[in-house]
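As a plain string of letters, each chain reads:
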Amino acid sequence: MLLEVKDLSKAYGDQSPVFSALSFTVAAGETVAVVGPSGCGKSTLLNCIGGLDRPSSGLVIINGQAITGLSDAEMAVCRATTIGFVFQDHHLLPQLSAEENVLLPTLALPNRPDEVKARAFAQELLAQVGLSGKEHRRPAQLSGGERQRVALARALINRPKLILADEPTGALDQATATIVSDLLVTLNKQAGTALIVVTHSPTLAQRMSRQIDFAVGATA
Ligand SMILES: Nc1ncnc2c1ncn2[C@@H]1O[C@H](COP(=O)(O)OP(=O)(O)OP(=O)(O)O)[C@@H](O)[C@H]1O
Ligand SMILES: [Mg+2]
C-alpha cells in the first residue's frame, strides 16, 4: 500500500482536536479528493501525511515505512523521492527564478540527477503548465495563478508516486483551473501518480475516484 493513515489525530496545544482517529488507505495510482469547510483540518491532514507537521497520535505509513518515526533528514529523503507537494500558498522562494524553484526538490534527492536533463525536464514541466518564456522570472514578476502553476511544476520534478495538492486550482481562473486539473488527471492516468487533492471545487473533486468528506466524519 502506498499510503496508510491509521488512527491519526491532531490537536494544537490544549485545543480540541482538529481531527481524531482518522484512518484510510491510498493505493498506488488512486485519486482522492479531500473536501470540507474552511478550518476543518484539510491542510493539517496533508501536512501530517507529507511529514511537514507531526500528528498528536496515530501513524502515517508510506510504502510500508512509518514516517512518524523518521528523523527530519530521513523524512526529507522520503519526501523528495516519493511525494510532490503543492501548497495552499505556493511557498516559492522569492529570490529564485521559476525554473530554479522548480528544480529545488532535486537538491534533496539522495542521487542527484544530471543537471542538463533536470533543467530540460523543468522547462518541459513549465511548458506543460503554460509558462514557456517565463522560466527566468521571479515569483514577484508572476501572477498569483502563474505562481501556483510553478508550484505544480515543482511538485512534479522528482516524478513522485504521490502528489499532495492543497487547493491547486484555488487561485486560478476557470480556463487555467481546467488546464491544471487536466494535468493532474493525465499524470495519474499516464504515470500512475496517486493524488490526494484538497479542493473546494466540486468539478475537481468529482474527477477524483473517491472523496474524503470532513463534513461527514472524516472517514474514507
Ligand atoms: N499552527 C497552528 N496552531 C494552532 N491552530 C492551528 C494551526 N494551524 C491550523 N490551526 C487550526 O486548525 C484548524 C484546521 O486548519 P487547516 O488549515 O487544516 O484548515 P483547512 O481545512 O485547510 O481550511 P481552509 O479550507 O480554510 O484552507 C483551524 O481551526 C486552524 O485555526
Ligand atoms: Mg487549507
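Residues numbered from 1 in each chain as written. Chains lettered and ligands numbered in written order. Predicted model: local features only at pLDDT ≥ 70, side-chain atom pairs only at ≥ 80, totals over all residues. Heavy atoms only, no water.

Student: Teacher, can you tell me more about the overall build of the protein here?
Tutor: Counting its regular elements, the protein contains 7 helices and 9 strands. Here the C-alpha atoms of the protein give a radius of gyration of 17 Å, agreeing with the 17 Å that 2.2 N^0.38 yields for 220 residues. Relative to its 220 residues, the protein shows a buried fraction of 48%. Look at the contacts in the protein between residues 6 or more apart in sequence, and 70% of them connect residues 24 or more apart. On the protein, the mean spot of the 19 positive side-chain charges and the mean spot of the 20 negative ones are 3 Å from each other. (Helix = DSSP H or I, 4+ residues; strand = E, 2+ residues; numbered from the N terminus. Rg over C-alpha atoms; globule rule 2.2 N^0.38 Å. Buried < 20%, exposed > 50% of the residue type's maximum accessible area, 1.4 Å probe, protein only. Contact = heavy atoms within 4.5 Å. Lys, Arg positive; Asp, Glu negative; His and termini not counted. Charge placed at Lys NZ, Arg CZ, Asp CG, Glu CD.)

Student: Quick question: what am I supposed to make of the pairing of strand β3 (residues 31-35) here?
Tutor: Residues in a regular strand project their side chains so that they alternate between the two faces of the sheet. Of all the 5 residues making up β3, 5 are buried; the element is thus mostly covered by neighbouring parts of the structure. The two faces of β3 match: Thr31, Ala33 and Val35 on one face and Val32 and Val34 on the other face are all buried. In this sheet, strand β8 (residues 194-198) lies alongside β3 in parallel orientation, the contact comprising 4 bridges. Among the inter-strand pairings, Val32 is bridged to a residue of β8, identified as Ile196. By the bridge criterion, 4 bridges tie β3 to strand β9 (residues 210-213) in an arrangement that is parallel. Looking across to β9, one finds that Val32 is bridged to Arg210. (Pairing = 2+ DSSP bridges.)

Student: Sorry if this is basic, but what is going on with helix α5 (residues 144-156) here?
Tutor: One turn of an α-helix holds 3.6 residues; hence residues three or four places apart share an orientation. For α5, with 13 residues, the first-to-last C-alpha span of 19 Å sits near the 18 Å given by 1.5 Å per residue. Of all the 13 residues making up α5, 11 are buried; the element is thus mostly covered by neighbouring parts of the structure. If you check which residues of α5 are buried, you get Gly145, Glu146, Gln148, Arg149, Val150, Ala151, Leu152, Ala153, Arg154, Ala155 and Leu156. Where α5 is buried, its residues meet β6 (83-86), α3 (98-103), α4 (115-128), β7 (162-166) and α6 (174-191). (Expected span 1.5 Å × (residues − 1).)

Student: Looking at this structure, I do not really get the coordination of the magnesium ion (ligand 2). What am I missing?
Tutor: For a metal with four donors in a tetrahedral arrangement, the ideal angle between donors is 109.5 degrees, while six donors in an octahedron ideally sit at 90 or 180 degrees. Distances from the magnesium ion (ligand 2) to its protein donors, Ser43 (OG) and Gln88 (OE1), fall within 2.0 to 2.3 Å. One end of the pair, Ser43, is in helix α1 (residues 42-49); the other, Gln88, is in the loop between β6 and α3, with 45 residues separating them in the sequence. On the basis of relative accessibility, which here comes to 23%, the residue Ser43 falls in the partly exposed class. (Donors = N, O, S within 2.8 Å, 3.2 Å for Na, K, Ca; no water.)

Student: What's the story with the site of ligand 1 in this structure? I'm lost.
Tutor: Around ligand 1, a shell composed of 13 residues is seen, among which Ser38, Gly39, Lys42, Ser43 and Thr44 lie nearest. At 2.9 Å from an oxygen atom of ligand 1 is found a side-chain nitrogen or oxygen belonging to Gln88. When ligand 1 is considered free in solution it has 640 Å² of accessible area, and contact with the protein chains removes 60% of it. Across the shell around ligand 1, the residue classes tally to 4 nonpolar, 8 polar and 1 charged. (Near = heavy atom within 4 Å. Polar contact = N/O pair within 3.5 Å; in protein donor to acceptor, adjacent residues only side chain to side chain. Areas by Shrake-Rupley, 256 points an atom, 1.4 Å probe, with all protein chains shown as cover. Nonpolar A, V, L, I, M, F, W, Y, C, P; charged D, E, K, R; others polar.)

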